[in-house]
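Close look at the chain arrangement
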Amino acid sequence: MKLINFFKSVGTEMKLVVWPNKHQTRIDTSTVVGMSIVFAIFFAIIDWAIQSGLTFI
C-alpha cells in the first residue's frame, strides 16, 4: 500500500515540474560546454606552471 501511495505522489509531483524549453536547454548546454572549456584551459595553465616550476628547481 505504501508503494502505491509513493508512486501516486511521484505522479502528482511530476505534473508540477516545469520542464525547460528548447531555447533554455541550448543556453544551459552552451554554458556547461563553455565553462568546461574555460576550466580545462585554466587547469592546463596551472599544470604547465607547476611543471615549469618543478623543472626549474
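Okay, so let's go over this structure. (Residues numbered from 1 in each chain as written. Predicted model: local features only at pLDDT ≥ 70, side-chain atom pairs only at ≥ 80, totals over all residues. Heavy atoms only, no water.)

Some remarks on the overall build of the chain
Looking only at helices and strands, the chain has two helices and zero strands in total. On C-alpha atoms alone, the chain measures out to a radius of gyration of 23 Å, which is more than a quarter above the 10 Å that the 2.2 N^0.38 rule sets for 57 residues. Counting only C-alpha atoms and orienting by the principal axes, one finds that the chain spans roughly 70 × 30 × 10 Å. For the chain, with 57 residues in total, the buried portion stands at 0%. For the chain, the computed accessible surface area is about 5600 Å², with 74% contributed by carbon and sulfur atoms. (Helix = DSSP H or I, 4+ residues; strand = E, 2+ residues; numbered from the N terminus. Rg over C-alpha atoms; globule rule 2.2 N^0.38 Å. Buried < 20%, exposed > 50% of the residue type's maximum accessible area, 1.4 Å probe, protein only. Areas by Shrake-Rupley, 256 points an atom, 1.4 Å probe, with all protein chains shown as cover.)

What to know about the packing of aromatic side chains
Evaluated as defined, the whole model comprises three aromatic pairs. Centroid distance phenylalanine 39 to phenylalanine 43: 6.3 Å. Interplanar angle 25 degrees. Geometry classified as stacked. A residue pair is termed a helical-turn pair when its members lie 3 or 4 positions apart in one helix, as phenylalanine 39 and phenylalanine 43 do in helix α2 (residues 22-56) at four residues. A ring pair is formed by phenylalanine 42 and phenylalanine 43, whose centres lie 5.3 Å apart and whose planes are at 65 degrees; its orientation type is edge-to-face. (Phe/Tyr/Trp six-rings, centres within 6.5 Å; stacked < 30°, edge-to-face > 60°.)

A short note on a nonpolar patch on the surface
Where nonpolar side chains cluster on the molecular surface, the patch consists of Met35, Val38, Phe39, Phe42, Phe43, Ile46, Ile50, Leu54, Phe56 and Ile57 and spans about 1100 Å² of accessible area. Tracing the backbone shows valine 38 in helix α2. (Patch = residues over 30% accessible without salt bridge, like charges linked within 9 Å, V, L, I, M, F, W, Y side chains within 5 Å. Salt bridge = Lys/Arg side-chain N within 4 Å of Asp/Glu carboxyl O.)

Details of the environment of leucine 54
Of note, leucine 54 is situated in helix α2. Take leucine 54: its relative accessible area is 60%, and that puts it in the exposed class. Expressed as a C-alpha distance, the spacing of leucine 54 and methionine 35, which sit 19 residues apart in the sequence, is 28 Å.

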